[in-house]
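# Coordinate inspection notes
This is what each chain is made of:
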Amino acid sequence: MRDVLLILVPLVAAFALLPFVYSNHLLLFNFIIFIVLAQGVNVIYGFTGYLPFGYVGFFGAGAYGFSLMVLHLQAPPLLAIVVGAAAALALALVLTPLFRLSGAYFSIANLAASLAVLQVVANPNLENYTRGPYGISLSGIFNPPLAYATAVAILAMTLFAVIFLRNSKFGLALQAIREDAISASMAGINVVRERVIAWLLSALIAGLAGSVFAWYASVFYPETVFSGEFTIFAIVFALFGGTATLVGPILGVIILYGIYNAVGISTPQYFQLIYGALIIGLVLFLPNGLVSLLRRWGIDVP
Amino acid sequence: MLTYTLLAGLLFGLYFTLIGLGLNLVFGVMRIVNLAHGDFLMLGAFLAFWLFSLFAINPIPTIPIAFLVFLLLGFPLYYLLVPRLLRAKDPEMLSFILFFGLSQVIQALATILWGTSERSIPGGQLGRAIAAILSFVTGRTIENGPIEILGQSFPAAWVASGIASGIGVLLVYWYLYRTKLGYLTRAVMVSRDEAVASGIDVDRISAIAFGFGLGLAAVAGVFAPFLLGSITPAMGAEVTITSFAVIVIGSLGNPLGTLLGGLVYGISYMFMQSYYSSWANLLPYLLLIAVLLLRPNGLLGRQARRA
Amino acid sequence: MPPDASVSPLLSVTGIEAGYGKVQVLWGTDLAVAGNESVVLLGANGAGKTTLLKVLMGLIAIWRGRINFADEDITSLRTDRRVRRGIVYMSETSGFPALTVDENIRIGAQFLSKAEARLRAEELYSIFPMLADRRRAAAGSLSGGQRKMLGIAKALASNPRLVIMDEPSAGLSPLLVREVVRVLASFRGKGLAFLIAEQNVKFLDLADRVYTLDGGRIGFVGTVAEVHANDALQRAYFGLK
Amino acid sequence: MFGKVRLSLFAALLASIFGTAYAADAPKEIKLGTLYASSGRFASISMPVHYGLKLWIEQKNAEGGVFVKAFNKKIPITLVAYDDQSNTATAATLFNQLITQDKVDLLVSDSGSVLTSVGVPIARDNKMFLFDQTGTGAAFFTPDNPYIALMSDPVSSVWPKPLADFITHDGNGLGIKRVAMLYSTNDFTGTQANAVRKFIKESGTDVEFVYDQGIPTDTTNYAVLINNIRATNPDAVIHLGYAPNDIAFIHSLEDGGVNFKFLFCIYPGLETELLEKNLGVKPLNYIFTYVTSSEIEYEPNFGMKLKEYKELWNKKYAGGNVEFGFNSVAGYNTGLVIEKALSVAESLEQLEIRKAVFSLSGKLKTLDGTFELDPNGAQLGMSTPIGQINVDDHDHVKFVTVWPHEVANGKPVYPRP
Amino acid sequence: MSPETPSLLQVTGLVKRFGGFRALDGLRFHLNAGEILGLVGPNGSGKTTCINVISGLYAPDGGEIRLGGQSIGGLPSHRLVHAGINRTFQIPKPFLTMTVLQNVEVSVAYGGHGQEGLDPHYFLKLLDLESHAKQPAAELNSAQQKLLDLARALATKPRVLLVDELAAGLNPAELEKIAAKLKELARSGMAILVVEHLMGFIDQVTDRVVVMNAGKEIFEGVLADAIRNPRVVEVFLGQDDAA
């Protein structure tokens, strides 16, 4: 409850109000998308230890689920978002056997899966269904203010989910599984089921983000919404802030994505260099994230 | 058409074996994922390109140069990055991110230095050297041009990379199984803790393996202008992902597995390209997932990789 | 105390504190092993034996205290340097299962020259004929007892001055334990010192002196005869008696 | 005629009345915002376009700025350019940054369809007119979006018309019946392939496709494909791909010793220097390609001639890493269109700028050809004749234009020797 | 000693293979409610494997495990926990970064099969861990971690408790205490299986022992008889020549 009042409400309120004072709404929108994605990575990596290197697959599935509903069935956007999220869920269900793999193998297989979905979606033989490589162009539903508002709502839902995870019996179980799966099962936890639920939740979050992204962007190519950079960014942001916490991924996005945009706008010529070096430094000197540093200084963060 | 597809797959697969070898070695010894592998290949390719365009050095002599330069580069890079990474809580996972950062830095520097355009080396260059070598070996005059295998003609560069890859596999095999450093390396692969306890200087062994991995990537890079058409600073990421598929299909830590993985990948890719060309790029990913789920240890694997 | 106090011991350890994370396991442990001496360290699971041995090998960071070996301070020396100076370690797993017997022994002899190493290996094969028969076999294919023998051979391959062993009896049947003790006994007093952490009483047969470790502190130091004379120890470690 | 004079008189009158007000209102600078990709997969097409645009800006500023009719004076141009790293999400925020934070007067897209695509809805949403440099995606140009026009190359769906026409007319006469087409499956070349197929089928001739395959754009390996194409015994081979695809394809033909009787590729014409550098000159001989502005000397009615521009480019970017080619002309051409539009636009209102740009349609001729827009802003002009590369004895590449006949300056060599 | 009424836990012909190695090779024993049974044998005789199979970590390759007459072999661990089986580990496996209290809370929440009113603090007090409740489990020493393991197991209200080498590392005073607690638990009706090296402890707590060698039982009865049994002495104690 404290987290809801101190973190969720102010953050959501800030993003709801910022558009009135700052006019680069898309930048704000992207901040929201990345906070949502970083929290989605947090749910699966932070709480179960599985690093989803193909996380963007769910984002893309959401974007395409949304778009195809709009294109083929002229569905209203809010309904299409539900379908987009369902598409991501369906993909996550199909991929549950990957949980039989450990460590790097899971990550690589997940990456391969997301690329496979991209190859399918972008295939010209499916042009009649997905528009293949020619990309999606949604007209008639373009409504940035409403899409932005929806994104804020998704942000609120995501944060609420993470707060729930951290403070519920279920979250405790996930944490236990991550620490020691065998002990967790001896505590009576159905390890496989709980992991899959976390996985589905994490996919759902990405699917929602992808849907609303498709709505806001309205013109995009398959490689736009399946770009591996979404995955990398979300992971790096979550890690930088500190996983398995509520505040970590938020701090990560605000600081790192903030720097990203500042560097990109001020010194674009060294953009990639600075960013790459920053990531290296982060892993070497702050592997447990900013939150661990704050805790070392005696600041308790949720 | 069938024979040609099969042979082309074989040669192409051998090339991907060469690409995968170094990545496999690094993962096997350090249990870290070098996401910048493809970027080192890119650097090797640019080395060959510059040696050729500035000093007219043929790509064939560039091979040992590239190997040595990157072997040596491997040491400082190892000591700078890896020991610290290995002390972290989950090095395998963190390595993904660390080496992604390295990949970004390499790509950025390469772009700043060399621009973004495609670069290549005219195909005849490699053919000329090979023709000269073959003429010398056989004592007959061999014309520069495509090389005939079983009545099918292939670019000389393909055959050359196939040979280089074969040598690479043998070299890694010889290193691992016939030299003292090799069995110390394998000891580290089996158990890093036990290796430390046995008095093995694990960092030195790992640094050598790391350098070896980069060296092999660079050698594969020398052939890249011929086998991948052209090179750019941004080419690395895709190469890395495909070579992952190759080594996982084979099995991690085993050079023969990489050979098998490369061949399976190369041949099936070529068949896809022949018969379902627009789906060809889906193949490595499906193959990888299928192998992981059906035979989680790779086609030649023994070690457990299940959760 | 070493038997002859006038000679400085081969290994002397003073005031060691160490542990994992925030958990302290060793609380100021002192210990000494003279050249040519066999010392058995008795202690229950969790008493800190493995921690102590790992600290001696440099496998775990030391928090406080000092380790001297052959009149040299080796407290902050890397493990491979310690091995070069003549301290070897036989872990509970003893060797690399995926490597052959021969390769395992050569890893033991890695600091010898090629010729010396070969000579030493042949010497060891004559002592362990069952290993000689299987030198090309993977260590993982050996039986538990053979594995243990391989571990010993690997440890001895570098002509060490001090062999540190962590529970050589682990996983062995009593008959095999007896065999291991017999083999180790044959090396006793031949210019080689042993420090063996054990729970198995059989190993007392090897000991010149006995230390007991309890809760990270040295409890008792004395000869085997003194152990047998001590009722409390008898109760704690040999239950049945 | 008379009307025009009267109008200008009226304008002069207005100017004399509001002259002072005009001068006070004239901005010190015109802000031009654009994006480029210094790294990533689109860098190699983005950088030459961007350099071309920059060259135009520097040139104009050296002259004291561009003439802006709305203020009746020369005003310098400030460039606000961000690096999107070939990342579409980044490009999207940067487009927004340009519009909402930097409040640029003119919005110019990054090159290529993918990076342009994210800018299309943003520009439209913010009612900013988007100067689309080379994003040829047909989906961008819709009746409900007045805020876009394509500058420097034809929209993908009409681009290959001359190619199809040549094959069905002259080519057919030379004996071309069996056509093999291999294309990369992305918006740019996929759409062209669809168009070629459509035009040829609609031609009613006996030209048939014996091979028609799409392959992933990141394909680098063509040996097996070439072998398969050869097995169909085609009279003509059309390869539609990006520059790396062309390089790999021609590389593969050369290395494998394969010669097709007729080969069409896009980039030997678009990026001739780049392909020469990569492949050498000889492999390009007798290849059919688009002959673009970087090779044809159009008679411009505005701006420099090609030769002058090339000299300027080579002086400016001497020893650099960006080759002169179609893309470098495209970026410069964007500048010329902007310059001309500013010289006729009544104000800097975005819809006024649009009106000015559209008013140039069919009239403006630059070193890139004739500027001609359809009502949705898709480029129909800037068309590219079909030509054949001819390497002379000094290894110089020359283009023999073969179609359409009105610009043709030679006869095709068929079959390829 | 085969009882008239069926035992709470009945193991018959249990087999577990690892590759070619038969870690359990037809093991048979039974455990009654309210009884403490000692499972002893040399290292590698299969004691821990036996616990791992009964607690569902490994699926058996043959034989049968019955709990209260129901066959439970091969069920996943969490279902066995709900059926009333729990265990401790030889090397304790607490959730290291979670607090001691949270460690027990997880068990109460998921293993308490819906019983209301279980208080995690009760179990901490029971095992003298209450003062560490707010500390992360990583800060406990290994003896305390073992007690935490036991606390977690008890928090799921098991009918059968499998205790793997609990005593090792405890000092004599702690040993006395824990022995008393185990006996008290048994008196309340719990069936307890104790694997232990310390014979003194076995002697102190068990009613009966099963001696294992090479994956099967070779003796069943009271400890005093066991040490007089020549086969047991031969394979296990091997002390015929000891002092």
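Residues numbered from 1 in each chain as written. Chains lettered and ligands numbered in written order. Predicted model: local features only at pLDDT ≥ 70, side-chain atom pairs only at ≥ 80, totals over all residues. Heavy atoms only, no water.

## With respect to the overall build of chain D
Scanning chain D from N- to C-terminus turns up 14 helices and 16 strands. For chain D, whose C-alpha radius of gyration is 22 Å, the value lies close to the compact-globule estimate of 22 Å for 417 residues. Along the first, second and third principal axes, the C-alpha atoms of chain D reach 75 × 50 × 45 Å. Counting every position in chain D, which comprises 417 residues, the buried fraction comes to 64%. (Helix = DSSP H or I, 4+ residues; strand = E, 2+ residues; numbered from the N terminus. Rg over C-alpha atoms; globule rule 2.2 N^0.38 Å. Buried < 20%, exposed > 50% of the residue type's maximum accessible area, 1.4 Å probe, protein only.)

## Remarks on helix α7 (residues 174-187) of chain C
All names here are of chain C. Taking 1.5 Å of rise per residue, 14 residues should cover 20 Å, and α7 covers 20 Å from first to last C-alpha, within 8% of that figure. Within α7, the full set of buried residues consists of Pro 174, Val 177, Val 180, Val 181, Val 183, Leu 184 and Phe 187. Immediately downstream of α7, the backbone of Gly 189 shows phi near 70°, a positive value. (Expected span 1.5 Å × (residues − 1).)

## Things to note about the interface of chain E and chain A
Every contact between the two is made by 24 residues of chain E and, on the other side, 19 residues of chain A. Between chain E and chain A, roughly 1,800 Å² of surface is buried when both sides are summed, and carbon and sulfur atoms account for 66% of that area. Considering only the surface of chain E that becomes buried against chain A, His78(E), Phe95(E) and Tyr110(E) emerge as the three largest contributors, covering 37% of it. In this structure, the connection of chain E to chain A is made through one salt bridge. Between Asp180(A) and Lys93(E) there is a salt bridge; the shortest N-O distance is 3.5 Å. (Contact = heavy atoms within 4.5 Å. Buried area = accessible area lost by both parts, 1.4 Å probe. Salt bridge = Lys/Arg side-chain N within 4 Å of Asp/Glu carboxyl O.)

## Focus: the sheet that holds strand β5 (residues 70-71) of chain E
Across a sheet, paired strands are connected by hydrogen bonds in the backbone, their directions being either parallel or antiparallel. All names here are of chain E. Spatially, β2-β1-β4-β5 is the arrangement adopted by the four strands of the open sheet, whose pairing is antiparallel. Each of the sheet's edge strands pairs with one partner strand only, and the pair in question is β2 (21-31) and β5. Bridge analysis of strand β1 (residues 9-18) against β2 gives eight bridges, and the strand direction is antiparallel. Paired with Lys 16 across the strands is Leu 24, a residue of β2. Running at roughly 70° to β2, helix α1 (residues 47-54) makes contact with β1, β2 and β4 (62-67) of the sheet. (Pairing = 2+ DSSP bridges. Axes fitted to C-alpha atoms, helices over the stretch in contact; angles between N-to-C directions.)

## Describing the interface of chain A and chain B
Each side of the interface is counted separately: chain A has 44 residues, and chain B has 42 residues. The contact between chain A and chain B buries some 3,900 Å² in all, and 77% of this surface belongs to carbon and sulfur atoms. Here chain A and chain B share zero salt bridges between them. Connecting chain A to chain B are seven residue pairs in polar contact (both at pLDDT 80 or more). Secondary structure elements with two or more residues in the side of chain A that touches chain B: α5 (103-121), α12 (228-241) and α14 (271-285) of chain A. Partitioning the side of chain A that touches chain B into residue classes produces 33 nonpolar, 10 polar and one charged. (Polar contact = N/O pair within 3.5 Å; in protein donor to acceptor, adjacent residues only side chain to side chain. Nonpolar A, V, L, I, M, F, W, Y, C, P; charged D, E, K, R; others polar.)

## Remarks on the arrangement of the chains
Counting contacts across all six pairs of chains that touch, the top pair turns out to be chains A and B. What separates chain A from chain C at the closest point of their C-alpha atoms is a distance of 14 Å, and the two make no contact. In this structure chain D stays clear of chain E, and the shortest span between their C-alpha atoms is 37 Å.

## Quick notes on the packing of helix α13 (residues 247-266) of chain A against helix α3 (residues 88-101) of chain D
Helix-helix packing is described using two parameters, namely the angle between the two axes and the distance between the axes. The contact between α13(A) and α3(D) brings their axes to 12 Å, and the two run at 65°. The hand of the α13(A)/α3(D) crossing is right-handed. Note on element contacts: α3(D) touches α13(A) through Thr90(D), Thr93(D), Leu94(D) and Gln97(D), opposite Tyr257(A), Tyr260(A), Asn261(A) and Ile265(A). Residues belonging to the contact of α13(A) with α3(D) are distributed by class as follows: four nonpolar, four polar and no charged. (Left-handed = near helix turned anticlockwise from the far one by under 90°.)

## What to know about the domain arrangement of chain C
Residue and element names in this part refer to chain C. Here the domain parsing of chain C yields domain 1 (1-86 + 160-241) and domain 2 (96-159). The distance between the C-alpha centroids of domain 1 and domain 2 comes to 24 Å. Between domain 1 and domain 2, the residue contacts involve 18 residues of the former and 12 residues of the latter. Together domain 1 and domain 2 conceal approximately 1,200 Å² of surface at their shared face, both sides included; 82% is due to carbon and sulfur atoms. For the interface between domain 1 and domain 2, the tally reads zero salt bridges. Across the contact surface, domain 1 and domain 2 share zero residue pairs in polar contact (both at pLDDT 80 or more). Looking at the side of domain 1 that touches domain 2, the elements that each hand over two or more residues are α2 (79-84), β7 (162-166) and α7. Broken down by element, the residue count for the side of domain 1 that touches domain 2 peaks at six residues, all from α7. (Domains from an automatic or database assignment.)

## Focus on the pattern of salt bridges
A full pass over the atoms with the stated rule returns 43 salt bridges over all chains. With a closest N to O distance of 3.8 Å, Arg178(A) and Glu179(A) form a salt bridge. Owing to a relative accessible area of 23%, Glu179(A) belongs among the partly exposed residues under this scheme. Between Lys310(D) and Glu273(D) there is a salt bridge; the shortest N-O distance is 3.7 Å. Linking Lys310(D) in helix α12 (residues 306-316) with Glu273(D) in helix α11 (residues 272-279), this pair joins segments that are 37 residues apart in sequence. Overall, the relative accessible area of 30% leaves Lys310(D) in the partly exposed class.

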